[in-house]
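Single-letter residue listing:
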Amino acid sequence: MSTTTISTNMSQRKKVTTLTFRQKKERGEPITMLTAYDYPTAVAMDKAGIDSILVGDSLAMVVLGYENTLPVTMDEMLHHARAVARGAKASLLVGDMPFMSYQVSADDALRNAGRFLQQGGMDAVKLEGGRERADAVRAITGAGIPVMGHLGLTPQSVHQLGGFRAQGKTASAAKRLLEDAQILEEAGAFSIVLEAVPARLAEYISKHISIPTIGIGAGAGCDGQVLVTHDLLGLFDRFTPKFVRQYANLHEMMNKAFTDYIDDVESKRFPAVEHTVEMTDEEWAVFQKELK
Ligand code: KIV
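Residues numbered from 1 in each chain as written. Predicted model: local features only at pLDDT ≥ 70, side-chain atom pairs only at ≥ 80, totals over all residues. Heavy atoms only, no water.

**Quick look at the overall build of the chain**
Helix and strand content of the chain: 12 helices and 10 strands. Summarising its shape, the C-alpha atoms of the chain cover approximately 90 × 40 × 40 Å along the three principal directions. Looking at the chain as a whole, 46% of its 292 residues qualify as buried. Element-wise, carbon and sulfur atoms account for 54% of the exposed surface of the chain, whose accessible area totals about 15,500 Å². (Helix = DSSP H or I, 4+ residues; strand = E, 2+ residues; numbered from the N terminus. Buried < 20%, exposed > 50% of the residue type's maximum accessible area, 1.4 Å probe, protein only. Areas by Shrake-Rupley, 256 points an atom, 1.4 Å probe, with all protein chains shown as cover.)

So, in structure tokens, the structure goes:
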């Protein structure tokens, strides 16, 4: 990863790296992260100054319309990763390893992680799970590829977890989660997403590991925060998790824009003169003459 200065229309900012993540934790400065799946969103986020962009496998649900994250493939993830990489220059780009791209073997995990950097333009990868993923994390980081862990509600295990539900709510589950975080740190992860875990547990874990935690539904005690952008923008029509703050309602705005367009076309208010290309009267006269 380079430490070059990146020019944007708004300002110049340095490329965010895994080192930046560590320094922000040390300084107690919150790390900001959002998901993106396409070029224009990546451009807008990068310009806004986001620290990190996750090309999440939430792509499966919020963009491709599946019920859960399981169906999305490596090739689909790479297609969207490339679009994001073309748009975002300064943010740390993290590719989310899809279901079955790292669970079968550490070799598979390394090969697919490598594809995210070589073919997807990502700077790092994320994968779900704790102790059972330690070998995969070691193999990937051993090749020089930064890995972000993901604990708590791990959506790729939705069937095993019995649904999208909060995790770590009992003393024994909390202890296991803390151990998993320590194991991921020891295996070389540079950061860990904590999803839907009790706030006091997330804060405790954040204080007892040296790598930054990025929370989603895990309270303010994490070292950073991530949200699924379609939830933040109100773009996903099916549901919005309780832990989301919605900053816009783009679904409603899109619906209004589309119905206004249909209405304008049907009532012949669009296109108007200003949307129309004209030719000169002279050329028109010649055209008509040539038809005779
Ligand atoms: O896929 C995703 O968007 C994620 C976030 C919820 C962290 O993994």
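Next comes the rest of the account.
**Here's the deal with the domain arrangement of the chain**
Per the domain assignment, the segments making up the chain are domain 1 (3-248) and domain 2 (253-291). Using only C-alpha atoms to locate each centre, domain 1 and domain 2 end up separated by 47 Å. (Domains from an automatic or database assignment.)

**Looking at the side chain of Asn68**
Within the secondary structure, Asn68 is located in the loop between α3 (59-62) and α4 (74-87). Relative accessible area serves as the criterion here: at 15%, Asn68 is assigned to the buried category. One polar contact links the side chain of Asn68 to the main-chain amide nitrogen of Leu70, over a distance of 3.0 Å. Those residues in contact with Asn68 that lie beyond four places of it in its chain are Ala60, Met61, Val158, His159 and Phe164. (Polar contact = N/O pair within 3.5 Å; in protein donor to acceptor, adjacent residues only side chain to side chain. Contact = heavy atoms within 4.5 Å.)

**Remarks on the site of the ligand**
The environment of the ligand is made up of Thr35, Leu54, Gly56, Asp57, Ser58, Asp96, Lys126, His150, Glu195, Ile216 and Val228. Contact distances for the ligand include 2.5 Å between an oxygen atom and a side-chain N or O atom of Ser58. Within the side chain of Lys126, a nitrogen or oxygen atom sits 3.0 Å from an oxygen atom of the ligand. Relative to its unbound accessible area of 260 Å², the ligand is 96% covered by the protein chains. (Near = heavy atom within 4 Å.)

**Remarks on the pairing of strand β10 (residues 224-227)**
Consecutive side chains of a regular strand alternate in pointing toward one face of the sheet and then the other. Judged from the four bridges that link them, strand β3 (residues 31-35) and β10 form a sheet pairing that is parallel. Note on β10: the bridge partner recorded for Leu34 is Leu227. The pairing of strand β9 (residues 213-216) with β10 spans two bridges and is parallel. Directly across from Ile214, in β10, lies its bridge partner Gly224. (Pairing = 2+ DSSP bridges.)

**Considering the nonpolar core**
Within the largest apolar cluster, 71 residues are counted, with the highest numbers of intra-cluster contacts made by Ile53, Phe116, Ile140 and Leu194. If we ignore the near neighbours within four places in the chain, the residues touching Ile53 are Met33, Leu34, Thr35, Ala36, Ala42, Met45, Val84, Ala88, Ser91, Leu92, Leu93 and Val94. (Core = buried A, V, L, I, M, F, W, Y, C linked by side-chain atoms within 4.5 Å.)

**Focus: the sheet that holds strand β7 (residues 147-152)**
In space, the eight strands of this closed barrel follow the order β3-β4-β5-β6-β7-β8-β9-β10, with parallel pairing throughout. Strand-to-strand, the axes of this sheet are offset by a mean angle of 25°, without reference to chain direction. By the bridge criterion, five bridges tie β7 to strand β8 (residues 191-195) in an arrangement that is parallel. From the neighbouring strand, Gly152 faces β8, where its bridge partner is Glu195. Packed on one face of the sheet, helix α8 (residues 171-187) meets β7 and β8 and runs near 175° to β7. (Axes fitted to C-alpha atoms, helices over the stretch in contact; angles between N-to-C directions.)

**A short note on helix α11 (residues 250-266)**
For α11, with 17 residues, the first-to-last C-alpha span of 24 Å sits near the 24 Å given by 1.5 Å per residue. Directly beyond the C-terminal end of α11, a positive phi value near 60° is found at Lys268. (Expected span 1.5 Å × (residues − 1).)

**Examining helix α1 (residues 18-27)**
Within α1 the residues assigned to the buried category are Thr18, Thr20, Phe21, Lys24 and Lys25. Relative to the axis of α1, the buried residues are bounded by an arc of 155° and lie together on one face. Residues of α1 that are exposed and angled more than 90 degrees away from the buried face: Glu26 and Arg27. The residue sitting at the N-terminus of α1 and contributing the capping side-chain oxygen is Thr17; that oxygen lies 3.1 Å from the backbone nitrogen of Leu19. (Arc of directions from axis to C-beta.)

**Regarding the packing of aromatic side chains**
Throughout the structure, instances matching the rule amount to four aromatic pairs. Relative to Phe287, the ring of Trp284 has its centre 5.0 Å away and its plane inclined at 35°; by these criteria the two rings are tilted. Placement of the pair is Trp284 and Phe287 together in helix α12 (residues 281-291), with a separation of three residues, close to one helical turn. (Phe/Tyr/Trp six-rings, centres within 6.5 Å; stacked < 30°, edge-to-face > 60°.)

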